[in-house]
Amino acid sequence: MQALAVKRTILGADKPVSKPFNVLVSSAGRRVVLIRHLRSALHDLGLEGQVFAADLSFASSACQAADRAFPAPLFSSGTFVDDMLRLCEREQISLIVPTIDTELMFYAENRQRFADLGTTLCVSSPQTIEIGADKAKTHAWMIEHGHPVPRQARIADVLASPGDWPTPLIVKPARGSSSVGLSRVKSHDELTLIDKPERMVVESMASGDEYTIDVYIDRTGRPRCSVPRKRLETRGGEVSKGMTVRHRKLQDLAEQIAAQLPGAFGVINIQIFYDEKTHAMAVIEINPRFGGGYPLTHEAGAHCTHWLIEDCLGREVSAKPDQWRDGLVMLRYDEAIYVDKQAIQNP
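Here is what the cut-offs are and how they apply
- Residues numbered from 1 in each chain as written.
- Predicted model: local features only at pLDDT ≥ 70, side-chain atom pairs only at ≥ 80, totals over all residues.
- Heavy atoms only, no water.
- Helix = DSSP H or I, 4+ residues; strand = E, 2+ residues; numbered from the N terminus.
- Rg over C-alpha atoms; globule rule 2.2 N^0.38 Å.
- Buried < 20%, exposed > 50% of the residue type's maximum accessible area, 1.4 Å probe, protein only.
- Contact = heavy atoms within 4.5 Å.
- Areas by Shrake-Rupley, 256 points an atom, 1.4 Å probe, with all protein chains shown as cover.
- Arc of directions from axis to C-beta.
- Pairing = 2+ DSSP bridges.
- Salt bridge = Lys/Arg side-chain N within 4 Å of Asp/Glu carboxyl O.
- Phe/Tyr/Trp six-rings, centres within 6.5 Å; stacked < 30°, edge-to-face > 60°.
- Lys NZ or Arg CZ within 6 Å of the ring centre and 35° of its normal.
- Expected span 1.5 Å × (residues − 1).
- Axes fitted to C-alpha atoms, helices over the stretch in contact; angles between N-to-C directions.
- Parallel < 35°, antiparallel > 145°, perpendicular 65-115°, else oblique.
- Nonpolar A, V, L, I, M, F, W, Y, C, P; charged D, E, K, R; others polar.
- Patch = residues over 30% accessible without salt bridge, like charges linked within 9 Å, V, L, I, M, F, W, Y side chains within 5 Å.
- pLDDT = per-residue confidence, 0-100.

A. Local environment of the overall build of the protein chain. In terms of helices and strands, the protein chain carries 12 helices and 17 strands. Expected size for 347 residues packed as a compact globule is a radius of gyration near 20 Å; at 21 Å, the protein chain falls within 12% of this value. Dimensions of the protein chain along its principal axes, counting C-alpha atoms only, are 70 × 40 × 40 Å. When burial is assessed residue by residue, the protein chain has 50% of its 347 residues classed as buried. For the protein chain, the share of sequence-separated contacts (at least 6 apart) that also reach a separation of at least 24 residues comes to 64%. Put simply, the protein chain shows about 16000 Å² of open surface, and 50% of that area lies on carbon and sulfur atoms.

Okay, here's the thing in structure tokens:
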């Protein structure tokens, strides 16, 4: 089949580009379902193109599920951006979808270099990436904009005034993700045992249930759809059981935050605690990327991958605020991909 040449204006590019619409999922890891959703979006939009994956190792389920896979350099190598630019030029990549926090800034700071090749990045501005990356900055930004948050301080400050900080407390890295390093301490003495305390923040316990709200933000910075997902169970910092909940108060707060974030674009997820008894809310995190629980949002009818590609094409985005199913429950289970040993050996 002959490839369909798609003529469009790439976000940030100076002139239209004609080529097949190829998508690259960066640091693809286990994002098999995301790759499938992107592939379906290309099909539904009538576009000829492939969905590729890049990762440090081909021993990645997503690499094996992609149409093709490419080795990615270490972020610390100093060549990450240049290597990815060469890959985009060689493989005619129209869209890159980053999936882990540590790569977002590399892409955000080099958006124009990718745009010059005709490659759109599903990534927000460096300012928004930094707000989301640092829990102390997230907290300060929320307070500045009048949004509800739990109390937060450094370990040294809590130990200096323990009477002001009733236990239990939450301790987590100021810069971290996927709940790595997060702990719940039951006494102030436990705080003295925390390794590298200068890198940690302490938060009061937020009451109620935890929700992750997926928000799609179009190329003009306008939130177009928000889907709250109630966390029913997590495993390894990622939701394993969840349920969509139509909740106007949570949606309004998440959309307000999304609209205020400078240069936000694509899919972001905002974590909020909500107490049904007191109606109190507390924002705990911003993740400016596709979250691990996105498949539930997609299956509920909010097809962000479809809207993202429409945005990249310069088309009118077909998102509607309420075109998703309330009360859809996701119960995840393990699934495997089986390949010959040669398939997981990087070239």
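B. Structural view of helix α4 (residues 101–108). Within the sequence span of α4, burial applies to Glu-103, Leu-104, Tyr-107 and Ala-108. Viewed end-on, α4 has its buried residues packed into an arc of 135°, placing them on one side of the element.

C. A look at the sheet that holds strand β9 (residues 169–173). Taking strand neighbours across the sheet as the criterion, the four strands line up as β8-β11-β9-β10 in an open arrangement whose pairing is antiparallel. Among the strands making up the open sheet, the edge pair consists of β8 (152–153) and β10 (183–185). Across two bridges, the pairing between β8 and strand β11 (residues 200–204) is antiparallel. Bridging across to β11, Ala-153 finds its partner in Val-202.

D. Layout of the pattern of salt bridges. If you walk through the whole model with that rule in mind, you get 23 salt bridges. In this structure, Arg-39 and Asp-67 form a salt bridge, with 3.4 Å as the shortest nitrogen-oxygen distance. With Arg-39 in helix α1 (residues 32–44) and Asp-67 in the loop between α2 (61–65) and β5 (68–71), this residue pair connects regions lying 28 residues apart in the sequence. Note on Arg-39: relative accessible area 30%, which makes it partly exposed. Here the residues in one salt-bridge network are Glu-130, Asp-134, Lys-137 and Arg-175, joined through shared partners.

E. Up close: the packing of aromatic side chains. The tally for this structure, following the rule as stated, stands at eight aromatic pairs. Here the aromatic rings of Phe-75 and Phe-106 are separated by 5.4 Å at their centres, their planes lie at 20°, and the arrangement is stacked. With Phe-75 in the loop between β5 and α3 (80–91) and Phe-106 in helix α4, this residue pair connects regions lying 31 residues apart in the sequence. Residue classification places Phe-106 among the partly exposed residues on the basis of a relative accessible area of 27%. Ring centres 5.8 Å apart and planes at 70° place the aromatic pair Tyr-216 and Trp-307 in the edge-to-face group. Note that Tyr-216 is positioned in strand β12 (residues 209–217) and Trp-307 in helix α12 (residues 304–313), a separation of 91 residues in sequence. For Tyr-216, a relative accessible area of 0% puts it in the buried group. Three or more aromatic residues joined by ring pairs make a cluster, and in this case those are Phe-75, Phe-80, Phe-106, Tyr-107 and Phe-114. Geometry around Phe-52 places Arg-68 over its ring, the cationic atom sitting 5.8 Å from the centre. A cation sits over an aromatic face here: Arg-246 above Trp-324, 4.1 Å from the ring centre.

F. Seen up close, helix α10 (residues 248–260). In this model α10 runs 18 Å from its N-terminal to its C-terminal C-alpha over 13 residues, within 8% of the 18 Å that 1.5 Å per residue would give. Of the positions making up α10, those classed as buried are Leu-250, Gln-251, Leu-253, Ala-254, Ile-257 and Ala-258. All buried residues of α10 fall inside an arc of 165° around its axis, so they share one side. In the core, the buried residues of α10 are packed alongside α7 (135–144), β12, β13 (223–235), β15 (266–274) and β16 (281–287).

G. Structural detail: the packing of α3 against α4. Close contact between α3 and α4 brings their axes to 10 Å; oriented N to C, the two are set at 75°. In terms of orientation, α3 lies roughly perpendicular with respect to α4. Across the interface between the two elements, Phe-80, Val-81 and Met-84 from α3 touch Glu-103, Phe-106 and Tyr-107 from α4. In terms of residue class, the contact of α3 with α4 is made up of five nonpolar, no polar and one charged.

H. Region of interest: a nonpolar patch on the surface. There is a patch of nonpolar side chains on the surface, built from Leu-232, Val-329 and Leu-331 and spanning about 270 Å² of accessible area. Structurally, Leu-331 is set in strand β17 (residues 329–331). Leu-331 sits in the exposed class, given a relative accessible area of 58%.

I. Representation of the confidence of the model for the protein chain in the model. Mean pLDDT over the protein chain: 92, with 94% of residues reaching 70 or higher. Here residues 1–17 scores under 50 on pLDDT; set against residues more than four positions off or in separate chains, the count is 42 contacts.

J. Region of the structure containing the sheet that holds β15. Pairing is antiparallel in the open sheet, where six strands are placed in the order β16-β15-β12-β13-β14-β17. Strands with a single pairing partner mark the edges of an open sheet, and in this sheet they are β16 and β17. Within the sheet, the average angular offset between the axes of one strand and its neighbour, ignoring direction, is 35°. Sheet analysis places β15 next to β16, joined by six bridges and oriented antiparallel. Among the inter-strand pairings, Phe-273 is bridged to a residue of β16, identified as Ala-282. In the packing of α12 onto the sheet, the strands contacted are β12, β13 and β15, and the crossing angle to β12 comes to about 25°.

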